[in-house]
Amino acid sequence: MVENHSREDHETGGENKEKRPKFFINDHVDILIEILECLDGRSLCVAASVCRLWCTIARNDSLWENLCFRHVSPPPSSVRSVVLALGGYKRLYTGCVRPVRSRLGRVRRATWAGDEVQLSLSLFCVDYYERLGGSNSNGRLVEKSSPSSLMFLCKPVNV
Amino acid sequence: MLRYDSTSSSAGSSSGSLSSSSSSSKPPQQDIDGLLAGAGYKVRSSELRQVAQRLERLETAMGNSPADFSQLASDAILYNPSDLACWVDSLLTEFAEPPPTCSSDFIVDPVNNQTVVNSAWTTAEPHTPQVHQNITYDEQQSLDNQLTVVTAMEEDSGIRLVHMLMTCAECVQSGDLSLATSLIGDMQGLLTHVNTVCGIGKVAGHFIDALSRRIFQGMGGGSVNGGSAFENEILHHHFYEACPYLKFAHFTANQAILEAFDGHDCVHVVDFNLMHGLQWPALIQALALRPGGPPLLRLTGIGPPSPDGRDSLREIGLRLAELARSVNVRFAFRGVAASRLEDVKPWMLQVNPKEAVAVNSIMQLHRLLGSEQTRNSPIDTVLSWIRGLNPKIMTVVEQEANHNQPGFLDRFTEALYYYSTMFDSLEACRVQPEKALAEIYIQREIGNVVSCEGSARVERHEPLAKWRRRLSGAGFRALHLGSNAFKQASMLLTLFSAEGYSVEENEGCLSLGWHSRPLIAASAWQAVPAWDNRMSSS
């Protein structure tokens, strides 16, 4: 059994014609991407640990863009350049959209869906601005101990 | 150390030893319960219930720690038992904490009360069986019981602190500084019995400091505003992070400014207090994403001059410019350094007649108010040149409190309630370094409200109703903030997952409060055209 498998792995697609075609997801990256697009944030991070190919794909910002606007009407095209300038969709999602959604989700107001992303974006922008301050300043005390405006979104750590 | 059964004849009259912690300078003979007086006790009728509760607590405490019991019998200072309230308190203190700092004001009572004391102790004993079991548990349990005694007493001490604070403020107002000074001493003593990490103890501590500064250092209060501009910025930043008030202010003002700028291609924002410029990234981003593309944005930031040659205004401007460049918004910044807002003249702002102007004042206008209502007070001057700029919108955010009353006691009372509420809301903050520095920020405000007068007192908060009258009288009309601002504010508050914050809408103005006590109010205004000429406005 093992021998058969190893032989099949060595063979290229062309020589496989006579045998039963074996479907290997990594050969079909477009399908893989479509599947990954359906995942939620946590699963996407887990998927990034599967193999190098999945990791590369999962890092692709467009997957995270999808996550951000999943249940929301598609945003105007100008949003993308702004988000990319401020740090990218993955950062926006993990830093802002996800905690914002989970906290507001407890209140369950359907009308807020689109505004959640907008609010997340504003908070994301303030955070980018604060990060700018940390890297630019010379000798200012605020460098490392500067409070992050997104800290209130972090869950408290139970020590 | 004197024993209660000593034959010392220096007993003196007990009325002279009436504990100064009972905060009253009234003669002690009033209002004494007649029945107990017949038995030899002096207890005020109004305090009967409290004394009974404290006796109960004392009984529990004695039961919990019989070891202290015997120590108490042999080598404690006992106080005048006929003043039952103080006597019980002092014993309770000894059970809750070791008694190192006993005031020597208490005078030993003569022998005739000895039997009374004994019976009080003997009646306590039959009740110990149920609490005896606690002693066999591990230490933690008995510690908890002691703690419950302490917290019950704390509540009481907390209430006493508040009463003493009021009394002290009244003395200050009437000029009775000697009594005020002694009250300060007593309050500081009482503070040791109260948890100063949270709750009333913490706020009281700050108010006691402010009062003592007022009494001992006069009303210049220079030390309160002694913080450098740099320090103030850091404290302000931490206050921004620790609680939602400033975030609410920024986001609400930005929403109003964004809506006012709709359709304009050249816009100019004048910020009365730039600090770290934390308000503006969100506006820049919102302008970048507005349908139709971003306008040319000019920002003029007013701030105090930096002492050590650093141009902090320019640094903030550079940071904002970099952000604007990243998101493709044409941006220009100008800094105006002025130590007081009234020193700013409109020509410094270089407003272009073709641009839409927004004036943004987050907790700055109240600094212009003086206590005297003169004709050309700074507030009138500033409001009139703001009108002269003809801004599309003026966003005003102010503390919702009445801290500019002429009477000191009224001001003090209002400040005590306002800042207690604010500290309560701060309890909900979990992020530790921010919280401590945010508290220092608030503490400075308290110090200014309480211990300064004249031009040194800049924290002259007035409630929204007063601002409405003032601004309407100066030629402005209110703009409604709109449902988008309300929705955004509600969402923002929900993110601060502390139950207790509430947003309210009040005739087009939004206010953020803690448990329905509004603490900060945001409003938007527009200049009424042709006000001075009394022509019919368009």
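In the nomenclature of an unreviewed UniProt entry, chain B corresponds to DELLA protein from the organism Gossypium mustelinum. Listed under Function (unreviewed entry) in UniProt, the entry text for chain B is "Transcriptional regulator that acts as a repressor of the gibberellin (GA) signaling pathway. Probably acts by participating in large multiprotein complexes that repress transcription of GA-inducible genes." Under Subcellular location (unreviewed entry), UniProt gives the following word-for-word description of chain B: "Nucleus".

In the annotation of an unreviewed UniProt entry, the entry for chain A reads F-box domain-containing protein, and the organism field reads Gossypium mustelinum.

## A few points about the overall build of chain B
The helix and strand inventory of chain B stands at 18 helices and nine strands. Burial analysis of chain B (538 residues in total) assigns 51% to the buried set. A separation threshold of at least 6 residues defines the contact pool for chain B, and within that pool the share at least 24 residues apart is 76%.

## Topic: the overall build of chain A
In terms of regular secondary structure, chain A is built from nine helices and zero strands. In chain A, the succession of helices and strands from N to C terminus is α-α-α-α-α-α-α-α-α. The 159 residues of chain A split such that 37% are buried. Pairs at least 24 apart in sequence give 57% of the contacts found in chain A among residues at least 6 apart.

## Remarks on helix α9 (residues 200–217) of chain B
The terminal C-alpha atoms of α9(B), which comprises 18 residues, lie 25 Å apart, in line with the 26 Å expected from a rise of 1.5 Å per residue. Most of α9(B) sits inside the fold, with 13 of its 18 residues counted as buried.

## A short note on the UniProt feature "domain: F-box" (unreviewed entry) in chain A
Within this numbering scheme, the UniProt entry marks residues 29–67 of chain A as carrying the feature "domain: F-box" (unreviewed entry). The distance separating the terminal C-alpha atoms of residues 29–67 of chain A is 19 Å; by composition the span is 74% helix and 0% strand.

## Some remarks on the domain arrangement of chain B
Often, the extent of an interface is quoted as the loss of accessible area upon association of its parts. Domain annotation of chain B identifies domain 1 (141–217) and domain 2 (241–402 + 459–527). On a C-alpha basis, the centroid separation for the pair domain 1 of chain B and domain 2 of chain B is 38 Å.

## A closer look at the domain arrangement of chain A
Residues and elements named next belong to chain A. Domain boundaries in chain A define domain 1 (25–59) and domain 2 (61–133). Relative placement of domain 1 and domain 2: their C-alpha centres are 21 Å apart. Taken together, the contacts link 12 residues of domain 1 with seven residues of domain 2. Its largest share of buried area at the contact with domain 2, domain 1 owes to Glu37, Leu44 and Arg59, together 49% of the area lost on that side. Taken together, domain 1 and domain 2 are joined by zero salt bridges. At the junction of domain 1 with domain 2, the criterion picks out five residue pairs in polar contact (both at pLDDT 80 or more). At the level of elements, α2 (29–36), α3 (41–47) and α4 (52–58) are the ones that each hand at least two residues to the side of domain 1 that touches domain 2. It is α3 that contributes the most residues to the side of domain 1 that touches domain 2, three residues altogether. Split by residue class, the side of domain 1 that touches domain 2 holds eight nonpolar, one polar and three charged.

## Considerations on the nonpolar core
Counting 135 residues, the largest nonpolar core has B:Phe207 and B:Tyr245 as its most contacted members. Look past the residues within four positions of B:Tyr245 in its chain and what remains in contact with it is B:Phe239, B:Met422, B:Ser425, B:Tyr501, B:Leu512, B:Trp514, B:Leu519 and B:Ile520.

## Examining the side chain of B:His250
Structurally, B:His250 is set in helix α11 (residues 245–260). The contact partners of B:His250, leaving out residues within four places of it in the chain, are B:Tyr240, B:Leu278, B:Gln279 and B:Ile362.

## Let's talk about the pattern of salt bridges
Here the idea is simple: oppositely charged side chains can pair when their charged atoms come close. Residues and elements named next belong to chain B. Enumeration over the complete set of coordinates arrives at 19 salt bridges over all chains. Linking Glu414 and Arg517 is a salt bridge whose minimum nitrogen-to-oxygen distance equals 3.7 Å. Taken together, the residues span a long stretch of sequence, with Glu414 in helix α15 (residues 408–427) and Arg517 in strand β9 (residues 517–527) at a distance of 103 residues. Linked through salt bridges whose partners overlap, the residues forming this network are Arg214, Arg411, Glu453 and Arg457.

## Some thoughts on the packing of helix α10 (residues 229–242) of chain B against α11(B)
All names here are of chain B. Remark: α10 packs on α11, axes separated minimally by 6 Å, with the N-to-C direction vectors making an angle of 85°. Relative to α11, the element α10 is oriented roughly perpendicular. The residues of α11 that touch α10, namely those facing His236, Phe239, Tyr240 and Glu241, are Tyr245, Leu246, Lys247 and His250. Classifying every residue of the contact of α10 with α11 gives four nonpolar, two polar and two charged.

## A short note on the confidence of the model for chain A
The predicted model of chain A averages 74 in pLDDT, with 67% of residues at 70 or higher. Across residues 135–147 of chain A, confidence stays below pLDDT 50; counting only partners more than four residues off in sequence or on other chains, it has 18 contacts.

## Focus: the packing of helix α8 (residues 177–191) of chain B against α9(B)
Residues and elements named next belong to chain B. With their axes 10 Å apart at the nearest point, α8 and α9 run at an angle of 150° to one another. Taken together, the axis directions place α8 and α9 in an arrangement best described as roughly antiparallel. Seen along the crossing, α8 lies across α9 with a hand that is left-handed. Taken together, the residues of α9 that come into contact with α8 (itself represented by Leu177, Ala180, Thr181, Ile184, Met187, Gln188 and Leu191) are Gly201, Gly205, Ile208, Leu211, Ser212, Ile215 and Phe216. Considered class by class, the residues forming the contact of α8 with α9 number nine nonpolar, five polar and no charged.

## Side note on the side chain of B:Gln488
Tracing the backbone through its elements, the reader meets B:Gln488 in helix α18 (residues 482–495). Every residue in contact with B:Gln488, bar those within four places of it in the chain, is listed here: A:Leu119, B:Phe251, B:Thr252 and B:Gln255.

## What about the environment of B:Pro391?
All names here are of chain B. Relative to the elements of secondary structure, Pro391 occurs in the loop between α14 (378–389) and β5 (393–399). For Pro391, a relative accessible area of 2% puts it in the buried group. When the C-alpha atoms of Pro391 and Ala210 are compared, they prove to be 39 Å apart, with 181 residues separating the residues in sequence. Leave out the neighbours within four places in its chain, and Pro391 touches Val357, Val359, Ile386, Gln526 and Ala527.

## Description of a nonpolar patch on the surface
Taken together, the side chains of A:Phe23, A:Ile31 and A:Ile35 make up a nonpolar region of the molecular surface, amounting to roughly 280 Å² of accessible area. As for its placement among the helices and strands, A:Ile31 is situated in helix α2.

## Things to note about the packing of aromatic side chains
The description of two aromatic rings rests on the distance between their centres and on the angle between their planes. Residue and element names in this part refer to chain B. In total, this model carries 10 aromatic pairs over all chains according to the counting rule given. A centroid spacing of 5.9 Å and a plane angle of 75° characterise the contact between Tyr245 and Tyr501, whose relative ring orientation is edge-to-face. In this pair, Tyr245 is assigned in helix α11 and Tyr501 in strand β7 (residues 501–506), connecting sequence segments 256 residues apart. Tyr501 matches Tyr245 in its accessibility class, with the two residues each being buried. With a centroid separation of 5.9 Å and an interplanar angle of 40°, the aromatic rings of Phe408 and Phe412 are classed as tilted. With Phe408 and Phe412 both in helix α15 and four residues apart, the pair spans about one turn of that helix. For the pair Phe408 and Phe412, one class covers both residues: buried. Here the aromatic residues Phe239, Tyr245, Tyr441, Tyr501 and Trp514 are joined through ring pairs into a cluster of three or more.

The rules behind each value
Residues numbered from 1 in each chain as written. Chains lettered and ligands numbered in written order. Predicted model: local features only at pLDDT ≥ 70, side-chain atom pairs only at ≥ 80, totals over all residues. Heavy atoms only, no water. UniProt positions renumbered as here; feature names shortened; annotations may be inferred. Helix = DSSP H or I, 4+ residues; strand = E, 2+ residues; numbered from the N terminus. Buried < 20%, exposed > 50% of the residue type's maximum accessible area, 1.4 Å probe, protein only. Contact = heavy atoms within 4.5 Å. Expected span 1.5 Å × (residues − 1). Domains from an automatic or database assignment. Buried area = accessible area lost by both parts, 1.4 Å probe. Salt bridge = Lys/Arg side-chain N within 4 Å of Asp/Glu carboxyl O. Polar contact = N/O pair within 3.5 Å; in protein donor to acceptor, adjacent residues only side chain to side chain. Nonpolar A, V, L, I, M, F, W, Y, C, P; charged D, E, K, R; others polar. Core = buried A, V, L, I, M, F, W, Y, C linked by side-chain atoms within 4.5 Å. Axes fitted to C-alpha atoms, helices over the stretch in contact; angles between N-to-C directions. Parallel < 35°, antiparallel > 145°, perpendicular 65-115°, else oblique. pLDDT = per-residue confidence, 0-100. Left-handed = near helix turned anticlockwise from the far one by under 90°. Patch = residues over 30% accessible without salt bridge, like charges linked within 9 Å, V, L, I, M, F, W, Y side chains within 5 Å. Areas by Shrake-Rupley, 256 points an atom, 1.4 Å probe, with all protein chains shown as cover. Phe/Tyr/Trp six-rings, centres within 6.5 Å; stacked < 30°, edge-to-face > 60°.

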